[in-house]
2 protein chains.
Amino acid sequence: MEPAGRTSKGEQTRERILDAALDLFRTQGYADTTMRQIAQAAGVAVGNAYYYFASKDQLILAFYERNHADHLAVLGSALDGTKEFGERLRTLVRTKVDSAMPYRRLSTKLFTSAADPESPLSPFSPESAPLRGEAIALMAEVVDGSSLRVGKDLRDDLPELLWLYEMGVILYWVHDSSEGCANTYALIDKTVPIVERLVGIAKLPVIRPMVRELVGMLDELRMPTTGELPVGARATGEYGLDDAPKR
Amino acid sequence: MEPAGRTSKGEQTRERILDAALDLFRTQGYADTTMRQIAQAAGVAVGNAYYYFASKDQLILAFYERNHADHLAVLGSALDGTKEFGERLRTLVRTKVDSAMPYRRLSTKLFTSAADPESPLSPFSPESAPLRGEAIALMAEVVDGSSLRVGKDLRDDLPELLWLYEMGVILYWVHDSSEGCANTYALIDKTVPIVERLVGIAKLPVIRPMVRELVGMLDELRMPTTGELPVGARATGEYGLDDAPKR
DNA sequence: GTCTATAACCGGATAGAC
DNA sequence: GTCTATCCGGTTATAGAC
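Residues numbered from 1 in each chain as written. Chains lettered and ligands numbered in written order. Predicted model: local features only at pLDDT ≥ 70, side-chain atom pairs only at ≥ 80, totals over all residues. Heavy atoms only, no water.

Peer 1: Is there a simple way to explain the domain arrangement of chain A in this structure?
Peer 2: Bring the parts together and some accessible area is lost; that lost area is often taken as the interface size. Residue and element names in this part refer to chain A. Domain boundaries assigned for chain A yield domain 1 (7-53) and domain 2 (56-222). Summarising the inter-unit geometry, the C-alpha centres of domain 1 and domain 2 are found 29 Å apart. Contact with domain 1, which involves 14 residues of that partner, is made by 12 residues of domain 2. Buried surface at the junction of domain 1 and domain 2, summed over both partners, amounts to about 1300 Å²; 69% is from carbon and sulfur atoms. The largest share of the area that domain 1 buries against domain 2 comes from Leu 22, Tyr 30 and Phe 53, three residues that together contribute 47% of it. At the boundary of domain 1 with domain 2, the tally comes to two salt bridges. With its nearest N and O atoms 2.8 Å apart, the salt bridge here joins Arg 66 to Glu 15. The interface formed by domain 1 and domain 2 holds five residue pairs in polar contact (both at pLDDT 80 or more) in total. Elements supplying a minimum of two residues to the side of domain 1 that touches domain 2: α1 (9-28) and α2 (35-42). Ranked by the residues each element gives to the side of domain 1 that touches domain 2, the list is headed by α1, at eight residues. (Domains from an automatic or database assignment. Contact = heavy atoms within 4.5 Å. Buried area = accessible area lost by both parts, 1.4 Å probe. Salt bridge = Lys/Arg side-chain N within 4 Å of Asp/Glu carboxyl O. Polar contact = N/O pair within 3.5 Å; in protein donor to acceptor, adjacent residues only side chain to side chain. Helix = DSSP H or I, 4+ residues; strand = E, 2+ residues; numbered from the N terminus.)

Peer 1: What's the story with the relation of the copies chain B and chain A in this structure? I'm lost.
Peer 2: A rotation about some axis, followed by a shift along it, carries one copy of the chain onto the other. With an RMSD of 0.2 Å, chain B superimposes on chain A once it is rotated by 179° and translated 0.2 Å along the axis. Taken together, the rotation and translation relating the two chain copies correspond to the operation of a two-fold axis. Distance from the rotation axis, computed per C-alpha, reaches its smallest value in chain B at B:Thr112: 2.4 Å. A share of 98% of interface residues in chain B that are also interface residues in chain A marks the association as one of identical surfaces. (Least-squares fit on C-alpha atoms with pLDDT ≥ 70 in both.)

Peer 1: Could you clarify how one ought to interpret the side chain of A:Ser128 in this entry?
Peer 2: Relative to the helices and strands, A:Ser128 resides in the loop between α6 (104-114) and α7 (129-144). Among all residues touching A:Ser128, those that are not within four sequence positions of it are A:Leu61, A:Pro120, A:Leu121, A:Ser122 and A:Pro123.

Peer 1: I keep staring at the protein's contact with DNA strand D and nothing clicks. Help me out?
Peer 2: Every one of the 17 residues lining DNA strand D counts as a neighbour, but A:Ala45, A:Tyr52, B:Met35, B:Arg36 and B:Tyr50 are closest to it. Atoms of DNA strand D within 4 Å of the protein belong to the sugar or the phosphate in 58% of instances, the rest to bases. Measuring from a base nitrogen of DNA strand D, one finds a side-chain N or O atom of B:Arg36 at 2.7 Å. Separating a phosphate oxygen of DNA strand D from a side-chain N or O atom of B:Tyr50 is a distance of 2.9 Å. Elements with a contribution of two residues or more to the surface near DNA strand D: α1 and α3 (46-52) of chain A together with α2 (35-42) and α3 (46-52) of chain B. (Near = heavy atom within 4 Å.)

Peer 1: Can you walk me through the interface of chain B and chain A in this structure?
Peer 2: Between chain B and chain A, the contact holds 42 residues from the first and 41 residues from the second. Scanning the region where chain B abuts chain A turns up two salt bridges. A salt bridge links A:Arg105 to B:Glu118; the shortest N-O distance between them is 3.3 Å. The tally of links between chain B and chain A comes to two residue pairs in polar contact (both at pLDDT 80 or more). The biggest single contributor to the side of chain B that touches chain A is helix α6 (residues 104-114) of chain B, with seven residues. Its residues placed into classes, the side of chain B that touches chain A shows 17 nonpolar, 12 polar and 13 charged. (Nonpolar A, V, L, I, M, F, W, Y, C, P; charged D, E, K, R; others polar.)

Peer 1: Whenever I open this one, the protein's contact with DNA strand C confuses me. Can you help?
Peer 2: Every one of the 17 residues lining DNA strand C counts as a neighbour, but A:Met35, A:Arg36, B:Thr13, B:Asn48 and B:Tyr52 are closest to it. A breakdown of the atoms of DNA strand C within 4 Å of the protein gives sugar and phosphate a share of 69%. At a separation of 2.9 Å, a phosphate oxygen of DNA strand C approaches a polar side-chain atom of A:Lys56. Measuring from a phosphate oxygen of DNA strand C, one finds a backbone N or O atom of B:Ala45 at 3.3 Å. Elements supplying a minimum of two residues to the surface near DNA strand C: α2 of chain A together with α1 (9-28) and α3 of chain B. Tallying contributions element by element places α3(B) first for the surface near DNA strand C, with three residues. The class makeup of the residues in the surface near DNA strand C is six nonpolar, six polar and five charged.

Peer 1: Is there a simple way to explain the pattern of salt bridges in this structure?
Peer 2: A side chain with one charge can pair with a side chain of the opposite charge if their charged atoms come near. For the structure shown, the criterion picks out 18 salt bridges over all chains. For A:Asp19, the salt bridge identified is with A:Arg66, shortest N-O distance 2.8 Å. Placement of the pair is A:Asp19 in helix α1 and A:Arg66 in helix α4 (residues 56-75), with a sequence separation of 47 residues. Looking at A:Asp19, the relative accessible area reads 39%, which means it is partly exposed. Judged by relative accessible area, which is 26%, A:Arg66 ranks as partly exposed. Note that B:Asp189 is salt-bridged to B:Arg94, the shortest N-O span being 2.9 Å. Of this pair, B:Asp189 sits in helix α10 (residues 182-201) while B:Arg94 sits in helix α5 (residues 85-100), and the two are 95 residues apart along the sequence. Because the salt bridges share partners, they merge into one network encompassing A:Glu87, A:Arg90, A:Arg94 and A:Asp189. (Buried < 20%, exposed > 50% of the residue type's maximum accessible area, 1.4 Å probe, protein only.)

Peer 1: I would appreciate a short explanation of helix α4 (residues 56-75) of chain B in the present structure.
Peer 2: The periodicity of an α-helix, 3.6 residues per turn, causes residues three or four positions apart to be oriented the same way. Between its first and last C-alpha, α4(B) extends 29 Å over 20 residues, near the 28 Å set by a 1.5 Å rise per residue. Two residues or fewer past α4(B), B:Gly76 is found with a positive phi of approximately 40°. (Expected span 1.5 Å × (residues − 1).)

Peer 1: Sorry if this is basic, but what is going on with the environment of A:Arg88 here?
Peer 2: Residue and element names in this part refer to chain A. With respect to the helices, strands and loops of the structure, Arg 88 is situated in helix α5 (residues 85-100). Taking relative accessible area as the criterion, Arg 88 reaches 6% and is therefore assigned buried. Taking the C-alpha atoms as reference, Arg 88 lies 19 Å from Gly 151; in sequence the two are 63 residues apart. Other than its neighbours up to four places away in sequence, Arg 88 contacts Leu 79, Thr 82, Lys 83, Glu 141, Val 142, Gly 145 and Ser 146. Polar side-chain contacts of Arg 88 include one of 2.8 Å to the backbone oxygen of Leu 79. At 2.9 Å, the side chain of Arg 88 and the backbone oxygen of Thr 82 are in polar contact.

In structure tokens:
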């Protein structure tokens, strides 16, 4: 749509606001940063900030997206280094933590809403679906590019399960107060082999029924029985962290 | 301290405010209920509501406490019925869900903050410690009163691990949109046997090192390496859901 | 120590003019 | 797209009454 440069005026403004916001969040924390501050730092009016971001929360979703892009860049072709499943998984998760490190406190906000089924910020929300899909696809790459042979019960769901594992690591990281988050890296190194072993034994006759059941319950969560999911709605951020939209 | 009746005037007022708040939360949701509404419904001035509850959030903590008391009452001597571990665990978790059922939406607020290490509302916060302790003690009762024999690696930490399992179930429940939350009850019935089996195999030579490692990492989270934990501070609710206190 | 009433502050969000 | 003015609600402050 743009004639020459690929960043329209609007995109530039949007970036400016996001930059200002992330900078303030990082130095002052999320709660102590006001939309007025953000607008001022970006050199725009408050109303204009809201023109680009429906709410303060939406800035976090934008951060999430940018962070994912960063991760992709850092990860780059690092995965090409090995075909060993454990090593690949370890690389992905470690680089994920690396790239999010400057924003550890801000990242808690994401998990703060993860538990809220109605928050658009939740990694499980429809609004986050595209991003979640990309993250899971990345996990699929970890599996597919490896020499690992997966049992058929697990094949379809393994990437998503691994993504849940990744979420668990990040949850730990967010709480991790050790120097340089050393505990988190230790956790990764300790648990990756366990995950590997679990995937290995999942096909054993004693374990298989359990795996089937667990995977089945996952499916139920994905497809709510009372489901509505307004097809058109996406990432418009009509409501914040709390209850239903109303005002 | 009171002469005759065991509820002083202040306690009555406090209850009145809490009743009004929970009622409004249940019918309108948390976000759409204002402190002004609560005060009016309770027949007090806004300032008075804040005299008893330092913040809107603190009302949720109070709800949490009341709900635990309800659970205790409902559970009553139900545990005396059997010495079978799985049955006891199942009873505890099912009754927990039962007693919280009318406040499912409100309960999400708790989990919304569970992931935030700094929220006083988090089940893991120092402010919630007394309540958490009671819940874990209840779990210990489930174990101790049963015929289950626990391996020594696990003995000390099992109640806490089971409490984490209970938290997991509640997290599922909060997201569960099935009719009457039938899926949650199904989840309990399916997973309790798995938990039972896991406890059983924890002492096997192949598994034991894994158990040790996992329990060790739990300990690390409990005792943050950079720990401060101001000893005096408790349940005063100086800050809300967000970052550090400041104002 | 318990409580009322009222005004004010602050920050997220919105309306509507340009 | 961008601005200014305004609303709304959590929270605080004040000043005084039982």
